[in-house]
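# A look at the structure
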Amino acid sequence: MLLTHYLQAHYGMGYPWAWTVGNVVLIGVGEIILLVSVAFWILADRKIWAAVQMRRGPNVVGAFGLLQTFADAFKFMLKEVIIPDGANKVVFLIAPLVTATLAFAGWAVIPVAQGWVASDINVGMLYLFAMSSLGVYGIIMAGWASNSKYPFLSALRAAAQMVSYEVSIGFVIITVLLFAGSLNLSAIVRAQEHGWFVFSILFPMLPIFFVSALAETNRPPFDLVEAESELVAGFFVEYSATFFLLFFLGEYVSVVLMCALCTILFFGGWLPPLFWPVSAIPPLADALNAVPGVIWFVLKVGFFFFLFGMVKAMVPRFRYDQLMRLGWKVFLPTSLAWVVVTAAWVIVFRRHM
């Protein structure tokens, strides 16, 4: 809105043009910042994995290896694009674009600080759930269009896996919505001003959401979609160059998005940690309040990304039957039961609020 008013005041634009130009600039700058940050998240993931294995990790390109991800990206962009003869070329090329586009689209409703959101819509949570659900189509399109057995088997696994864990994620989101009373992500954060949801009866939902997010993004130990020992490289085994890069980028953007969701739904988003005993010390509370909200948001996202990296480095891959059993026989009944418990809690203890 500030950019819209600025364009109206200084360039004499009408409101429709000012609003359109302002949002295009805002989204463009946001996507560039997200792209650059994802490069460093990928480096952090590799560094975490290396540290667990007592290695240095990337340390050659740039100081401490900071430019390694950019070097890898340029390498992929300069390679030749190879399309198999038997592939459906149109669908083959569209699939990675679908995956990357949907991953980036989810960030449109993520508030990184008070008022720092591209689109503060009232159904932001519903929009995010829709974007994450559509993400499986890119994988299915890639597996089918490759005209190869391994990618096709991987696509079938992806469809079953994502559907299984989206159900649990949906019930977890319902429990949060019952507590917050809104589908707006900024309102969900503001509802935690007097206490983060992780310190309420919603605490059991955090591990369920976290593990379901691992499965939803095909991260280890649930990377059966890309199991090297069984499916070579999974649904993108036939991809190379820029189109492989789009799949890789889409996966990490989705991972960081899930970390941001964990932060917003359970850890108070951009809010500082002002719970007891910190709140009982006024100078300390004032110092924490002075830190910009976006800093707290990035720190919390970094914490969850560290957990994602540690799980990848330490937990062995599940068998497919174990994956399905965990989703349908453990997470689904537990999250469904907690919806009932949360609804009863809200009715009994919050009816006068």
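Look a little higher up for the structure.
An account of the accompanying structure is given in this report. Being a predicted model, the structure only gives us computed values, none of them experimental.

### A word on the overall build of the protein chain
Of the regular secondary structure elements, the protein chain holds 13 helices and 0 strands. Tracing the protein chain from N to C terminus, the helices and strands come up as α-α-α-α-α-α-α-α-α-α-α-α-α. The globule rule puts the C-alpha radius of gyration for 353 residues at 20 Å, and the 22 Å found for the protein chain is close to it. Its C-alpha atoms give the protein chain principal-axis dimensions of about 65 × 60 × 45 Å. When the 353 residues of the protein chain are sorted by exposure, 47% land in the buried category. Counted over contacts in the protein chain with a minimum sequence separation of 6, partners at least 24 positions apart contribute 76%. Roughly 17600 Å² of accessible area belongs to the protein chain as shown, and the carbon and sulfur atoms make up 73% of that amount.

### Some points on the pattern of salt bridges
Within the structure shown, the criterion is met by 6 salt bridges. Across the salt bridge formed by K312 and D45, the nearest N and O atoms sit 3.1 Å from each other. Placement of the pair is K312 in helix 12 (residues 293–314) and D45 in helix 2 (residues 15–52), with a sequence separation of 267 residues. Take D45: its relative accessible area is 1%, and that puts it in the buried class. One salt bridge connects R46 with D72, and the closest N-O pair in it is separated by 2.9 Å. With a gap of 26 residues between them, R46 in helix 2 and D72 in helix 3 (residues 68–77) connect regions that are remote in the sequence. On the basis of relative accessible area, R46 is assigned to the partly exposed category, the value being 33%. Salt bridges here are not isolated pairs; linked through shared partners, they connect D45, R219 and K312.

### Describing the nonpolar core
Ranked by size, the top nonpolar core spans 68 residues in total, and within it I110, I188, F209, L265 and F266 carry the most contacts. Ranked by the residues each element gives to this core, the list is headed by helix 10 (residues 241–266), at 14 residues. Setting aside chain neighbours within four positions, we find F209 in contact with I169, V172, I173, M258, L261, C262, L265 and F266. Judged by nonpolar contacts, the second largest core, of 22 residues, contains A100, A142, A145 and L246.

### What about the side chain of T99?
Among the secondary structure elements, T99 is positioned in helix 4 (residues 89–105). The exposure class of T99 is buried, given its relative accessible area of 14%. Residues within four places of T99 in sequence aside, it is in contact with G138, I139 and F247.

### Some words on the packing of aromatic side chains
Each aromatic ring pair is specified by the distance between its two centres and by the angle formed by the two planes. Following the criterion strictly, the structure yields 22 aromatic pairs and no others. Grouping aromatic residues by their ring pairs yields a cluster made of F76, F92, F235, F236, Y239, F244, F247, F248 and Y252. The positively charged end of K75 is found above the aromatic ring belonging to F76, 5.2 Å away from the centroid.

### A look at helix 12
Under the 1.5 Å per step criterion, the end-to-end length of helix 12 is 32 Å for 22 residues, consistent within 8% with the ideal 32 Å. Within helix 12 the residues assigned to the buried category are G293, V294, W296, F297, K300, V301, F304, F305, F308, G309, V311 and K312. Each element contacted by the buried residues of helix 12 is listed here: helix 2, helix 8 (205–216), helix 10 and helix 11 (282–290).

Each value, and the rule that gives it
Residues numbered from 1 in each chain as written. Predicted model: local features only at pLDDT ≥ 70, side-chain atom pairs only at ≥ 80, totals over all residues. Heavy atoms only, no water. Helix = DSSP H or I, 4+ residues; strand = E, 2+ residues; numbered from the N terminus. Rg over C-alpha atoms; globule rule 2.2 N^0.38 Å. Buried < 20%, exposed > 50% of the residue type's maximum accessible area, 1.4 Å probe, protein only. Contact = heavy atoms within 4.5 Å. Areas by Shrake-Rupley, 256 points an atom, 1.4 Å probe, with all protein chains shown as cover. Salt bridge = Lys/Arg side-chain N within 4 Å of Asp/Glu carboxyl O. Core = buried A, V, L, I, M, F, W, Y, C linked by side-chain atoms within 4.5 Å. Phe/Tyr/Trp six-rings, centres within 6.5 Å; stacked < 30°, edge-to-face > 60°. Lys NZ or Arg CZ within 6 Å of the ring centre and 35° of its normal. Expected span 1.5 Å × (residues − 1).

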